[in-house]
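Inside the fold
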There are 2 protein chains.
Amino acid sequence: MLMGLDIGGTKILGVVASVEGDLLASVRVASPTGGDQVVASAAEVVEKLRAAAGGPGAGVVGVGIPGLVDVEHGTVRHAVNLGVADGYPFSERLGAVTGARVVLDNDANAAALGAAALLGERDLGYLSLGTGLAAALVLDGVLRRGSRNAAGEIGHIPVDPAGPRCECGQVGCLETVASGSAIATLWPGDGQPAAQALFDAAAAGSVEAAAVRDRFAARVADAVRLVALTVDPAVVVLGGGVAQVGERLRVAVAHALAEQAAASPFLRSLDLAGRLRLAPPDRPVAALGAALLGAS
Amino acid sequence: MLMGLDIGGTKILGVVASVEGDLLASVRVASPTGGDQVVASAAEVVEKLRAAAGGPGAGVVGVGIPGLVDVEHGTVRHAVNLGVADGYPFSERLGAVTGARVVLDNDANAAALGAAALLGERDLGYLSLGTGLAAALVLDGVLRRGSRNAAGEIGHIPVDPAGPRCECGQVGCLETVASGSAIATLWPGDGQPAAQALFDAAAAGSVEAAAVRDRFAARVADAVRLVALTVDPAVVVLGGGVAQVGERLRVAVAHALAEQAAASPFLRSLDLAGRLRLAPPDRPVAALGAALLGAS
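Small disclaimer: the values here were computed from a predicted structure and weren't measured.

**Digging into the pattern of salt bridges**
As enumerated under the stated definition, the model contains 24 salt bridges over all chains in all. The closest approach of N and O atoms between A:Lys48 and A:Glu44, which form a salt bridge, is 3.0 Å. Within this pair, A:Lys48 and its partner A:Glu44 are both found in helix 1 (residues 35-53), separated by 4 residues, close to a single helical turn. Here B:Glu247 and B:Arg250 are joined by a salt bridge, their closest N and O atoms 2.6 Å apart. You can see B:Glu247 and its partner B:Arg250 sitting in helix 7 (residues 247-262), 3 residues apart, about one turn around the helix.

Encoded structure:
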């Protein structure tokens, strides 16, 4: 029995899964603000999952959290939306309350492991298209965190010297054009998530929305190509909040990849469009991956 | 005893090394053109190395060659400068003539393994700055070839929509601004290698040469950042023909990385300048790495 928690800016989703990755139970609570508060809510989720699974169990709990995670020490920096202070001893505190060993990692890393399990792939690049843009890499079955836990920070690679200034201080970063925020700037959602509003408007026949959608898809295709030409994973998975629009996103990005390849025999030989996958929108990818974090 | 061959457009360099990577013997011949001719010259190098090492020995020969190598089948495509036909059974032919088992790989991959051994690093990105630009990755001690042997093809990642058209059919590829060819366009060498001529002129006080050098160094810094933000290796090594200008190249690129980081706390925290290394210019990096290919 594996237990995993996906801690996000709005909710904490916990799951119990079998070692084969089958979902056995799930619990969801709203995310509070502040380190101690987040630990208390996470502990509540763990207790509810133990009750649902019928026993104490789960001596190990895997946790995915946004921010720069120090995997060795179980701490996080830049978890801005959660109000967790830099260096807060998250794993230690949650471990003390629950009696479990806590394995903490970045939420994109957890989601990549979950996607690998759900899609049956051992070698993939996972694109987390949320407010920002990050990638995570599972290479030949092993999560690649990098020497400073900075692998997959592709959102801050500049791709256009004439592009907008990025919050990171650089100019023309990929994140400024290939992320949920980038969509929200071009197509405010009016209550709805911006990606949903954009793809719906395009499907309803808006020429303007279709143009914005295609331009966005081309920039996501840039991110796919960047990952493919650097580490050449067997598949590239589109995930994160934007991927909730579903198969329409994969189709739009695959179309953009095919257009890019039309001018380049080299790109065509790599068949990037054929290697594109969608993270299952109806499955708790990150929580399941967090559970697998605990199993390794 | 390990034997490795570095087959380049102008010469074939063979070495015999100890399993610890110490150089025991080396032989160099000019590169001919055509598959059978290259095999014959490579076989000649193997025989001379066997004689120099005092015995038949070397049942395995590692070979690094430019082009897209099919590692499993021992064939190469796009080995344009050598005139080797696509799909030519290189490993099989050289094996038949020498009686050795031949392990064939891309020359940048071989060089990355050689650099890892010479620098004592287990985790690195190697930038091959030659006529073109390619990277090779040794991640946690293991060469990352990718699902289609395309890992490290960063030269064909577009980084400027307003950049020049690349031979690959795309626009603004990194290779068009961060390679030996890019230097040659801006600063023709007049007989000398262009990089050497440029760095010499800059050192001699030419303001124009210094400006071209710094602009080139900034684009190489872009390549370093791209590799670092994608796979986050412990060190990034500058290698290939351009790196023959030596420590001056590392200093110029480290300076450019520090300038980029000045505007970005995020980049500063990653200390890319401090992680930059130079491939030892006076050592046969690729031939030594080829020898290590055979050992694995």
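Now that the structure has been shown, the text picks up again.
**Concerning the sheet that holds strand 1 (residues 2-7) of chain A**
All names here are of chain A. The sheet built from 5 strands is open, its strands ordered 3-2-1-4-7 with mixed pairing. Looking at which strands have only one partner, the edges of the open sheet turn out to be strand 3 (23-30) and strand 7 (101-106). Across the sheet, the axes of successive neighbouring strands diverge by a mean angle of 20°, strand direction being ignored. Of the strand pairs in this sheet, strand 1 and strand 4 (residues 60-65) are connected by 4 bridges, and their pairing is parallel. When the sheet's bridge partners are listed, glycine 4 is paired in strand 4 with glycine 62. In the packing of helix 1 onto the sheet, the strands contacted are strand 1, strand 2 (11-17), strand 3 and strand 4, and the crossing angle to strand 3 comes to about 150°.

**Details of the sheet that holds strand 8 (residues 124-129) of chain A**
Residues and elements named next belong to chain A. Sheet architecture is open: 5 strands sit in the order 10-9-8-11-12, paired in mixed fashion. Each edge of the open sheet carries a strand with a single partner, namely strand 10 (142-144) and strand 12 (276-278). Strand-to-strand twist in this sheet, taken as the mean axis angle between neighbours without regard to direction, amounts to 25°. Sheet topology note: the strand 8/strand 11 (residues 235-239) ladder contains 5 bridges and is parallel. When the bridges of strand 11 are listed, serine 128 appears paired with glycine 239. Against the sheet, helix 3 (residues 107-119) engages strand 8, strand 9 (133-139), strand 10, strand 11 and strand 12, with an angle of about 125° to strand 8.

**A short note on the relation of the copies chain B and chain A**
Screw-axis analysis of chain B against chain A gives a translation of 0.0 Å along the axis, an RMSD of 0.0 Å, and a rotation angle of 180°. The superposition of one copy onto the other is thereby described by a two-fold rotation axis. Relative to the rotation axis, the C-alpha of B:Val159 is the closest in chain B, positioned 2.2 Å from it. Mapped onto chain A, 100% of the interface residues of chain B are again interface residues, and the two copies thus contact each other with one and the same surface.

Cut-off values and rules
Residues numbered from 1 in each chain as written. Chains lettered and ligands numbered in written order. Predicted model: local features only at pLDDT ≥ 70, side-chain atom pairs only at ≥ 80, totals over all residues. Heavy atoms only, no water. Salt bridge = Lys/Arg side-chain N within 4 Å of Asp/Glu carboxyl O. Helix = DSSP H or I, 4+ residues; strand = E, 2+ residues; numbered from the N terminus. Pairing = 2+ DSSP bridges. Axes fitted to C-alpha atoms, helices over the stretch in contact; angles between N-to-C directions. Contact = heavy atoms within 4.5 Å. Least-squares fit on C-alpha atoms with pLDDT ≥ 70 in both.

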